[in-house]
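What the coordinates show
These are the residues of each chain, in order.
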Amino acid sequence: WYYNNGGLYDQSHALAPPVAPAQGEIEEATKPSKPVAASPGHYLLCGQAALLGALTATGRMLTAENDASWEDNFKSAAREAAQALSPVGGHIMREHILHE
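A quick note: this is a predicted structure, and the numbers were derived from the prediction, not measured. (Residues numbered from 1 in each chain as written. Predicted model: local features only at pLDDT ≥ 70, side-chain atom pairs only at ≥ 80, totals over all residues. Heavy atoms only, no water.)

**Description of the overall build of the protein chain**
- Helices and strands together make up the secondary structure of the protein chain, namely four helices and two strands.
- Out of the 100 residues in the protein chain, the part that is buried amounts to 20%.
- Intrachain contacts of the protein chain at a sequence separation of at least 6 include 43% that bridge at least 24 residues.
- For the protein chain, the exposed area adds up to about 7,700 Å²; of that, 60% sits on carbon and sulfur atoms. (Helix = DSSP H or I, 4+ residues; strand = E, 2+ residues; numbered from the N terminus. Buried < 20%, exposed > 50% of the residue type's maximum accessible area, 1.4 Å probe, protein only. Contact = heavy atoms within 4.5 Å. Areas by Shrake-Rupley, 256 points an atom, 1.4 Å probe, with all protein chains shown as cover.)

So, in structure tokens, the structure goes:
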């Protein structure tokens, strides 16, 4: 489907058929991607992951769920939360914030 000023139309009414991608575009799309650089947004999301880690560690300490220290609980919960946000966020949390 595509949108025109008059509304939605079936693609069979389009003026031209869809064009297949060129061979170079296919080869370029299958190349391994470059490493992603960290952005300020990743650091911002790591702050939220650290807050969630602190809340989780405090909750585990108050309910005595496990025998690990607060710091160990904080590091594991913050690492898991950052990894859930993005792989780059998980890397930043491990390498640059928690220094593991």
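Having seen it, we continue.
**Quick look at the packing of aromatic side chains**
- A complete count under the given rule lists one aromatic pair for this structure.
- Seen in terms of ring centroids, Trp70 and Phe74 are 5.4 Å apart; in terms of plane orientation they differ by 0°. Their pairing is stacked. A residue pair is termed a helical-turn pair when its members lie 3 or 4 positions apart in one helix, as Trp70 and Phe74 do in helix 3 (residues 70-85) at four residues.
- A residue is classified by how much of its surface remains accessible, and Trp70, at 35% relative accessible area, is partly exposed. (Phe/Tyr/Trp six-rings, centres within 6.5 Å; stacked < 30°, edge-to-face > 60°.)

**A look at the side chain of Ser76**
- Take Ser76: it is sitting in helix 3.
- The class for Ser76 is buried, based on a relative accessible area of 18%.
- Here Asn73 takes part through its backbone oxygen, which lies 3.1 Å from a polar atom of the side chain of Ser76. (Polar contact = N/O pair within 3.5 Å; in protein donor to acceptor, adjacent residues only side chain to side chain.)

**Some words on the nonpolar core**
- The biggest cluster of nonpolar side chains holds eleven residues, and these are Cys46, Ala49, Ala57, Phe74, Ala78, Ala81, Ala82, Val88, Ile92, Met93 and Leu98.
- Breaking this core down by element, the ones donating at least two residues are helix 2 (40-63), helix 3 and helix 4 (87-97).
- Among residues more than four places away in sequence, those in contact with Ala78 are Ala49, Ala50, Gly53 and Met93. (Core = buried A, V, L, I, M, F, W, Y, C linked by side-chain atoms within 4.5 Å.)

**A few points about the packing of helix 2 against helix 3**
- Two elements in contact, helix 2 and helix 3, have axes whose closest approach is 7 Å; the angle formed by their N-to-C orientations is 140°. Here helix 3 runs oblique to helix 2, going by the angle between their axes. Where helix 2 crosses over helix 3, the handedness of that crossing is right-handed. Residues Leu45, Ala49, Ala50, Leu52, Gly53, Ala54, Thr56, Ala57, Thr58, Arg60 and Met61 of helix 2 lie in contact with helix 3, whose contacting residues are Trp70, Asn73, Phe74, Ser76, Ala77, Ala78, Ala81, Ala82 and Leu85.
- Looking at the contact of helix 2 with helix 3 residue by residue, the class counts come to 14 nonpolar, five polar and one charged. (Axes fitted to C-alpha atoms, helices over the stretch in contact; angles between N-to-C directions. Parallel < 35°, antiparallel > 145°, perpendicular 65-115°, else oblique. Left-handed = near helix turned anticlockwise from the far one by under 90°. Nonpolar A, V, L, I, M, F, W, Y, C, P; charged D, E, K, R; others polar.)

**A word on the packing of helix 2 against helix 4**
- Look at helix 2 against helix 4: their axes get within 9 Å of each other, and the N-to-C directions meet at 75°. With respect to helix 4, the axis of helix 2 lies roughly perpendicular. Together, His42, Tyr43, Cys46, Ala49 and Ala50 of helix 2 and Val88, Gly89, Ile92, Met93, His96 and Ile97 of helix 4 make up the contact between the two elements.
- Along the lines of polarity and charge, the residues of the contact of helix 2 with helix 4 split into eight nonpolar, three polar and no charged.

Functional significance is not addressed by these values, which are geometric in nature.
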